[in-house]
Amino acid sequence: MSLDTETARRLRDGMAKGVLSFPLTSFHGDGSLDPEGCRAHVAAQLATAPGAVFPACGTGEFFSLDEDEYRQVVTIAVEEADGRVPVVAGAGYGWAQAVRFARIAEEAGADALLVLPHYLVAAPQDGLVAQLEQIAARTRLPLIAYQRGQVAFTADSLKRIAGIPNVIGLKDGHSDLDRLQRLTLAAPEGFLFFNGASTAEIQARAYATVGVPAYSSAVHAFAPEIANAFFTALQKEDLATAETLLRDFYVPFVELRDRVPGYAVSLVKAAARLRGCPVGPVRAPLTDPSAADLADLEALLTTGLDLVGASL
């Protein structure tokens, strides 16, 4: 597959125009899927002009969805996007299971797949490449590889995966700028890269220096006003605004996020609930924030929104 397909072009354009949205998956209080809550949340995300929408990925608790729930989540995103922005669905586990999800996403009308890190085991570079080869051979959808955790490509492996039909890009969650620079230099022209670090805004300027200005934004899931203000500040090289947002909102948010494992998703959902978005609780093994942490989150969110002229 050419790196100049319509999907690749739309993603490239979207990455230049806005942050990448990773919607939350809504659950009822009893833990069952809430399709209407999902629809309302995706619609609200789309109303703030993200560059693309990535349903059922890490922030969307892909790891807790069964296949029927996954189908509903991806279908809702495709219906709400209605062709306005690309829809890139998550798919993961071992390649055989990833292919099952890929086929569902294809049937639902997704434009591409984000291949999440495989389940649990460490693997050599040949195995990491083979994982993508196996998936690519069994779907028509373009693939974006996600390196995080036990998945980290070398420059030689990057060249190999860029040669696989269907593979059009890489999301990086390691924040190893030395490695990332080597990967961008090894990639063919047109290969897509974006910053997928947790709370990516913290490192957005650093990533841009190695040729990766595009990034995903978990903050966009609950405060698109903050996320878009930060993105605009970077685009305009308004460092004073960017640094104010980093110092007074993003850094304290990361410090709060780091208090408890899993808060990278739990806090995002809690913040969305504070703003009236019907996303419900997280599913185990994640846990919702404690009362004390929720109070700190509300105070911080109020501060961040005030910085951009918005309110809770």
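Parameters and conventions
- Residues numbered from 1 in each chain as written.
- Predicted model: local features only at pLDDT ≥ 70, side-chain atom pairs only at ≥ 80, totals over all residues.
- Heavy atoms only, no water.
- Salt bridge = Lys/Arg side-chain N within 4 Å of Asp/Glu carboxyl O.
- Helix = DSSP H or I, 4+ residues; strand = E, 2+ residues; numbered from the N terminus.
- Buried < 20%, exposed > 50% of the residue type's maximum accessible area, 1.4 Å probe, protein only.
- Axes fitted to C-alpha atoms, helices over the stretch in contact; angles between N-to-C directions.
- Left-handed = near helix turned anticlockwise from the far one by under 90°.
- Contact = heavy atoms within 4.5 Å.
- Nonpolar A, V, L, I, M, F, W, Y, C, P; charged D, E, K, R; others polar.
- Pairing = 2+ DSSP bridges.
- Expected span 1.5 Å × (residues − 1).
- Phe/Tyr/Trp six-rings, centres within 6.5 Å; stacked < 30°, edge-to-face > 60°.
- Lys NZ or Arg CZ within 6 Å of the ring centre and 35° of its normal.

A.B. asks: Teacher, can you tell me more about the pattern of salt bridges here?
C.D. replies: Close approach of charged atoms allows side chains with opposite charge to pair. Counted under the stated rule, the structure contains 18 salt bridges. Among the salt bridges present, the one from Arg283 reaches Glu69, with a minimum N-O distance of 2.7 Å. With Arg283 in the loop between helix 11 (263-274) and helix 12 (291-307) and Glu69 in helix 3 (residues 67-81), this residue pair connects regions lying 214 residues apart in the sequence. Glu69 shares its class with Arg283; the two are buried. Arg247 is the salt-bridge partner of Asp248, the closest N and O atoms lying 3.6 Å from each other. Taken together, the salt bridges that share partners define one network made up of Arg39, Glu79 and Glu80.

A.B. asks: Whenever I open this one, the packing of helix 3 against helix 4 (residues 95-108) confuses me. Can you help?
C.D. replies: Axes are the key here: two packed helices are described by the angle between their axes and the distance separating the axes. Here helix 3 crosses helix 4 at 35 degrees, and the two axes come no closer than 9 Å. Seen along the crossing, helix 3 lies across helix 4 with a hand that is right-handed. In this structure, helix 3 contributes Glu67, Tyr70, Arg71, Val74, Thr75 and Val78 to the contact, and helix 4 contributes Arg100, Phe101, Ile104, Ala105, Glu107 and Ala108. Looking at the contact of helix 3 with helix 4 residue by residue, the class counts come to 7 nonpolar, 1 polar and 4 charged.

A.B. asks: Help me understand the sheet that holds strand 6 (residues 167-172), please; the structure alone is not making it clear to me.
C.D. replies: Working definition: the strands of a sheet are paired by backbone hydrogen bonds and lie parallel or antiparallel to each other. Spatial strand order, 3-4-5-6-7: 5 strands in an open sheet with parallel pairing. For this open sheet the edge positions go to strand 3 (88-91) and strand 7 (192-195), each flanked by a neighbour on one side alone. Averaged over all pairs of adjacent strands, the angle between their axes in this sheet comes to 25 degrees, without regard to strand direction. By the bridge criterion, 4 bridges tie strand 3 to strand 4 (residues 112-115) in an arrangement that is parallel. Note that in strand 4 the partner of Gly90 across the bridge is Leu114. Contacts from helix 5 (residues 125-136) reach strand 4 and strand 5 (143-147), with the element oriented near 155 degrees to strand 5.

A.B. asks: Just to check I follow, could you spell out helix 9 (residues 224-235) for this structure?
C.D. replies: Because each turn of an α-helix spans 3.6 residues, side chains separated by three or four positions end up pointing in the same direction. With 12 residues, helix 9 should cover 16 Å at 1.5 Å per step; its first-to-last C-alpha distance of 16 Å lies within 8% of that length. Taken as a whole, helix 9 has its buried residues at Pro224, Ile226, Ala227, Phe230, Phe231 and Ala233. The inward-facing, buried residues of helix 9 abut helix 1 (6-17), helix 8 (204-209), strand 8 (216-217), helix 10 (239-257) and helix 12. Looking at the residues trailing helix 9, positive phi occurs at Glu237, about 55 degrees.

A.B. asks: Quick question: what am I supposed to make of the packing of aromatic side chains here?
C.D. replies: The description of two aromatic rings rests on the distance between their centres and on the angle between their planes. The final tally for this structure, using the stated rule, is 13 aromatic pairs. Here Phe62 and Phe101 contribute two aromatic rings whose centre-to-centre distance is 4.9 Å and whose plane-to-plane angle is 65 degrees, an arrangement assigned as edge-to-face. Of this pair, Phe62 sits in the loop between strand 2 (52-53) and helix 3 while Phe101 sits in helix 4; the two residues are 39 residues apart in sequence, bridging distant segments of the chain. Residue classification places Phe101 among the buried positions, given a relative accessible area of 5%. In textbook terms, an aromatic cluster arises when at least three aromatic residues are bridged by ring pairs, as seen for Phe222, Phe230, Phe249, Tyr250 and Phe253. One residue, Lys171, lies across the ring of Tyr146, its end atom 4.2 Å from the ring centre.

Keep in mind these values describe shape, not function.
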